[in-house]
Amino acid sequence: MKLRLTAATILTLSAVAVQADPSFDCARASHEVETAICGSAALAALDVELSRIYALALNGPNVSADRAQELKEIQRGWVKGRNECWNEVDGINACIAASYALRIDELRTGYADARAGEGASTGPFAYACDGLGALVSAVFVNTDAPLVSLRWRDTAVVLPRVPSASGAKYETDVYQDGTYVFWTQGAEATLDAATGQALNCRQEETG
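A few points on the structure. (Residues numbered from 1 in each chain as written. Predicted model: local features only at pLDDT ≥ 70, side-chain atom pairs only at ≥ 80, totals over all residues. Heavy atoms only, no water.)

Examining unusual backbone geometry
Threshold: Strands are runs of DSSP state E lasting at least 2 residues, helices are runs of H or I lasting at least 4, and numbering of each runs from the N terminus.
Between Gly123 and Pro124 the backbone carries a cis peptide bond, its omega angle lying at 10°. With respect to the helices, strands and loops of the structure, Pro124 is situated in strand β1 (residues 121-129). Its identity as a non-glycine residue notwithstanding, Arg153 has a phi of 45°, on the positive side. In this structure, Arg153 sits in the loop between β3 (147-152) and β4 (155-162). The phi dihedral of Ala194 is positive, around 60°, even though this residue is not glycine. Of note, Ala194 is situated in the loop between β7 (188-193) and β8 (199-203).

Okay, structure coming up:
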């Protein structure tokens, strides 16, 4: 999958109202990325949520032994990829946040057991947007610094939530091709996929 990610700040992660500890022992943090997670409550909350749904996917009743082993290998590969954020010159925290949001998306989309129970993440939800020609998959991560992961065709973008008068608005201008905006109001939404034109979208029923 082609990711339109650049070395730029997606959201501010340095200060949030509620403190959280990550799923690992910060006293043993030995990598720049682990240190960054331990220094940010928002990143720590993302780590906790990913750990929760990973455990559900790994230990759920619908996962065979072979698929569980495959999942472990994929997760180890993801950790290595996440740790490459140490050399993100324009913002290590933004890179880490995007990595977590996309991995949460992958787990919730690919493993039914990861969607069991209640936590900070929801979805995937399918949206049909006029003129786009493909369904948009949305996974929301409702930690202290909320994010949405959007995917359609070969595009994957992560947008932070921004203040809005109504509904939930997610927006970022960090991608090279322009500004992305996703604004939800109930089952309705609008999507500006870096074109300057807002497409009307509707949440589809899923089985």
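Looking at the side chain of Ser137
The test is simple: Think of it in three bands: with a 1.4 Å probe and only protein chains considered, a residue is buried below 20% of the maximum accessible area for its type, exposed above 50%, and partly exposed in between. We call two residues in contact when some of their heavy atoms are within 4.5 Å.
Relative to the helices and strands, Ser137 is located in strand β2 (residues 136-141). The class of Ser137 is buried, set by a relative accessible area of 15%. Those residues in contact with Ser137 that lie beyond four places of it in its chain are Thr109, Pro124, Phe125, Ser149, Leu150 and Arg151.

A few points about the state of the cysteines
Rule in force here: By disulfide we mean two sulfur atoms from cysteines, separated by a distance within 2.5 Å.
In total, this model carries 3 disulfides according to the counting rule given. In this model Cys26 forms its disulfide with Cys38; the gap between the sulfur atoms is 2.0 Å. Disulfide Cys26-Cys38: torsion about the S-S bond near -100°, hence left-handed. Taken together, the residues Cys26 in the segment before α1 (32-38) and Cys38 in helix α1 connect sequence positions 12 residues apart. What makes Cys26 partly exposed here is its relative accessible area of 32%. Here Cys85 engages in a disulfide with Cys95; their sulfurs sit 2.0 Å apart. In this structure, the disulfide formed by Cys85 and Cys95 twists by about -70° around the S-S bond and is classed as left-handed. Taken together, the residues Cys85 in the loop between α3 (65-83) and α4 (92-110) and Cys95 in helix α4 connect sequence positions 10 residues apart. Judged by its relative accessible area of 2%, Cys85 falls in the buried class. Each disulfide of the chain joins two cysteines, and with those cysteines numbered along the sequence the arrangement is 1-2, 3-4, 5-6.

Taken by themselves, the reported measurements are silent on function.
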